Amino acid sequence: MSSRGYNAEFRSTLARVRAGDNVTRDDLALLLEAPEGEAQDVLHAVAYEVKSREVGRVVYLRGLIEMSNVCRRNCNYCGIRRDNRDVDRFTLTAKEIVAGAVRAHKFGYGSVVLQGGERQDPGHIAFITDILARIHAATRHELAITLSLGEQTEETYRRWREAGAHRYLLRMETTDADLYLALHPDDPDRESRRRCLDFLRDEGYHVGTGVMIGLPGQTTQHLAEDLLFFRDQDVDMIGMGPFIPHDDTPLGGHAAGFDGDRQVQLGLNMIACTRLLLPNANIASTTALQALHDRGRELGLLAGGNVIMPNVTDTKFRAAYQLYNGKPSLQENAAQTRLKLDAAIARIGETIGYGEKGHAPRALTRRNETVLKD
Ligand code: 5AD
């Protein structure tokens, strides 16, 4: 463990990481361990400065549509894992999904995220293809559409891209082989997930990944590796948040002794370090932060995040889509969520990029992206 606190070593490491000068795993681990107080304040302030310069003090909102909790995976941390018999499984109809997208569009959110459990059957693939066309037709092609539907073949990714999906989120969850295996004993192939990120890039998506933070057995060295992976994989978007136990999962036992405050601090430090390594990426301040802290999302923005994904799913479906204990805003409808967010963002002196798709500047610097620039 490195020495902690706001000392000369911390300051010089921060300056070097900011400059992108020979950044090592140890450097990042040192920053991630910044304790609450001056060290953490300075880390977040520097990341905020980089964010302000690179992407502005503008928050982009993505309306999150949790479309189905049917999942073929059995991930040890996730509340909607296949073996959890205590979940009422649902899949929204095409009409309900399009209604969510239209709601987001009316609210002025420039973008939606369709998220659901992983399925690879032909019926599902065709369903999503159809939904994409319907959403575009119902919103005059004014929304950027992100999919978050797990691992698929390159052909499926191509089909969805051709049907109008612009972006794809696929978290690695962890880049460490042993941890990956411990989390996904039924599907232990970390490389197949990484390959999906390459497929997505080849198919012309804006690509997002991320990890969970504070997993059992995960160290700051692991997280530092994750950060280097984000940089080396050259992704456009990052979504990550603290791990939170879910009672009906194999990792549910970690609820005893769970230190939510530490998870939040580590989550914020991860956001700050990501901003330093990928200055012009879109970085989400995620719901899991909000689940552990009543100002979690704002703190994420102040540590370098610039994207929030408010739920636009009909309230009655929210309870069945619980990935972890204590999901926030279960009773709140989409309009209430919007009002609260508006006020919270104004309070920290930022504005919302209403009506804008909010592409990551990073993605727009790539070749062959003209289609996505409007
Ligand atoms: N705690 C925090 N995040 C979780 N996810 C799933 N289960 C949990 C949990 N228990 C995250 C995963 C997944 C995303 C949709 O939700 O990172 O990719």
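Cut-offs applied
Residues numbered from 1 in each chain as written. Predicted model: local features only at pLDDT ≥ 70, side-chain atom pairs only at ≥ 80, totals over all residues. Heavy atoms only, no water. Near = heavy atom within 4 Å. Polar contact = N/O pair within 3.5 Å; in protein donor to acceptor, adjacent residues only side chain to side chain. Nonpolar A, V, L, I, M, F, W, Y, C, P; charged D, E, K, R; others polar. Buried < 20%, exposed > 50% of the residue type's maximum accessible area, 1.4 Å probe, protein only. Helix = DSSP H or I, 4+ residues; strand = E, 2+ residues; numbered from the N terminus. Pairing = 2+ DSSP bridges. Right-handed = clockwise from strand over helix to strand, strands pointing away. Core = buried A, V, L, I, M, F, W, Y, C linked by side-chain atoms within 4.5 Å. Contact = heavy atoms within 4.5 Å. Patch = residues over 30% accessible without salt bridge, like charges linked within 9 Å, V, L, I, M, F, W, Y side chains within 5 Å. Areas by Shrake-Rupley, 256 points an atom, 1.4 Å probe, with all protein chains shown as cover. Salt bridge = Lys/Arg side-chain N within 4 Å of Asp/Glu carboxyl O. Lys, Arg positive; Asp, Glu negative; His and termini not counted. Charge placed at Lys NZ, Arg CZ, Asp CG, Glu CD. Phe/Tyr/Trp six-rings, centres within 6.5 Å; stacked < 30°, edge-to-face > 60°. Lys NZ or Arg CZ within 6 Å of the ring centre and 35° of its normal.

(A) Examining the site of the ligand more closely. Every residue lining the ligand is accounted for by Tyr77, Cys78, Gln115, Arg171, Glu173, Met212, Pro242, Phe243, Ile244, Leu323 and Tyr324. A distance of 3.0 Å separates a nitrogen atom of the ligand from a polar atom in the backbone of tyrosine 77. Here glutamate 173 contributes a side-chain N or O atom positioned 2.5 Å from an oxygen atom of the ligand. Classifying every residue of the shell around the ligand gives eight nonpolar, one polar and two charged.

(B) View of the pairing of strand S1 (residues 58–68). With respect to burial, S1 is a largely interior element, eleven of its eleven residues being buried. With two bridges connecting them, S1 and strand S11 (residues 351–352) associate as parallel partners. Bridging from a neighbouring strand, valine 58 pairs with threonine 351 of S11. Where S1 lies against strand S10 (residues 307–308), two bridges are found, and the strand directions are parallel. Paired with leucine 61 across the strands is isoleucine 308, a residue of S10. The pairing of S1 with strand S2 (residues 111–116) spans six bridges and is parallel. Counterpart to isoleucine 65 in the pairing with S2 is leucine 114. Handedness of the crossover is the feature at issue here: the chain leaves S1, passes through helix H4 (residues 94–107), returns alongside S2, and the resulting connection is right-handed.

(C) Representation of the nonpolar core in the model. Among the nonpolar cores identified, the biggest contains 97 residues, and Ile65, Leu147, Trp160, Tyr168, Phe230, Met270 and Leu276 are the most heavily contacted of them. For this core, the leading source of residues is helix H10 (residues 260–277), giving nine residues. Discounting residues that sit within four places of it in the chain, tryptophan 160 has contacts with His124, Ile125, Ile128, Thr129, Leu132, Leu147, Leu149, Gln152, Ala165, Tyr168 and Tyr205. Counting residues in hydrophobic clusters, the runner-up holds nine residues, among them Leu64, Val113, Leu169 and Ala284.

(D) Region of interest: a negative patch on the surface. There is a patch of like negative charges on the surface, built from Glu36, Glu38, Asp41, Asp259 and Asp261. Looking at the element boundaries, glutamate 36 is found in the loop between helix H2 (25–32) and helix H3 (38–54). Relative accessible area serves as the criterion here: at 54%, glutamate 36 is assigned to the exposed category.

(E) Examining the pairing of strand S5 (residues 206–209) more closely. Alternating positions in S5 separate into two faces, His206 and Gly208 on one and Val207 and Thr209 on the other, with burial throughout. For strand S4 (residues 167–169) and S5, the ladder comprises three bridges, and the chain directions are parallel. For leucine 169, the partnering residue across the bridge sits in S5 and is glycine 208. Pairing of S5 with strand S7 (residues 237–238), which is carried by two bridges, proceeds in the parallel orientation. Residue pairing in the sheet places threonine 209 in a bridge with isoleucine 238 of S7.

(F) Representation of the packing of aromatic side chains. Here the structure, examined in full by the defined rule, presents six aromatic pairs. On the basis of an interplanar angle of 75° and a centroid distance of 6.4 Å, the ring pair of tyrosine 157 and tyrosine 205 is categorised as edge-to-face. Taken together, the residues span a long stretch of sequence, with tyrosine 157 in helix H6 (residues 154–162) and tyrosine 205 in the loop between helix H8 (190–202) and S5 at a distance of 48 residues. In this structure, tyrosine 157 and tyrosine 205 share a single accessibility class: buried. An aromatic cluster of three or more residues is present, and its members are Tyr157, Tyr168 and Tyr205. We note arginine 11 situated over the ring of tyrosine 6; from NZ or CZ to the ring centre the distance is 5.0 Å. Stacked on the ring of tyrosine 205, the Lys or Arg arginine 161 has its end atom at 6.0 Å from the ring centre.

(G) Here's a closer look at the environment of glutamine 263. Following the sequence through the fold, glutamine 263 ends up in helix H10. Separated by 19 residues in the primary sequence, glutamine 263 and isoleucine 244 have C-alpha atoms spaced 8.5 Å apart. Aside from chain neighbours lying at most four places away, what touches glutamine 263 is Ile213, Gly214, Pro242, Phe243, Phe258 and Leu292. Within the structure, the side chain of glutamine 263 is placed 2.9 Å from the backbone oxygen of phenylalanine 243, a separation counted as a polar contact.

(H) Expanded view of the pattern of salt bridges. Going through the model one piece at a time under the given rule, you end up with 27 salt bridges. A salt bridge links glutamate 203 to arginine 158; the shortest N-O distance between them is 3.3 Å. Here glutamate 203 is found in the loop between H8 and S5, whereas its partner arginine 158 is found in helix H6, with 45 residues between them in sequence. With its nearest N and O atoms 2.6 Å apart, the salt bridge here joins aspartate 236 to arginine 366. On the criterion of sequence distance, the pair formed by aspartate 236 in the loop between helix H9 (220–233) and S7 and arginine 366 in the segment after helix H15 (361–364) is long-range, its members being 130 residues apart. The exposure class assigned to arginine 366 is buried, which follows from its relative accessible area of 19%. Through salt bridges with shared partners, one network takes in Arg72, Arg73, Glu118, Glu151, Glu173, Asp187 and Arg193.

Taken by themselves, the reported measurements are silent on function.
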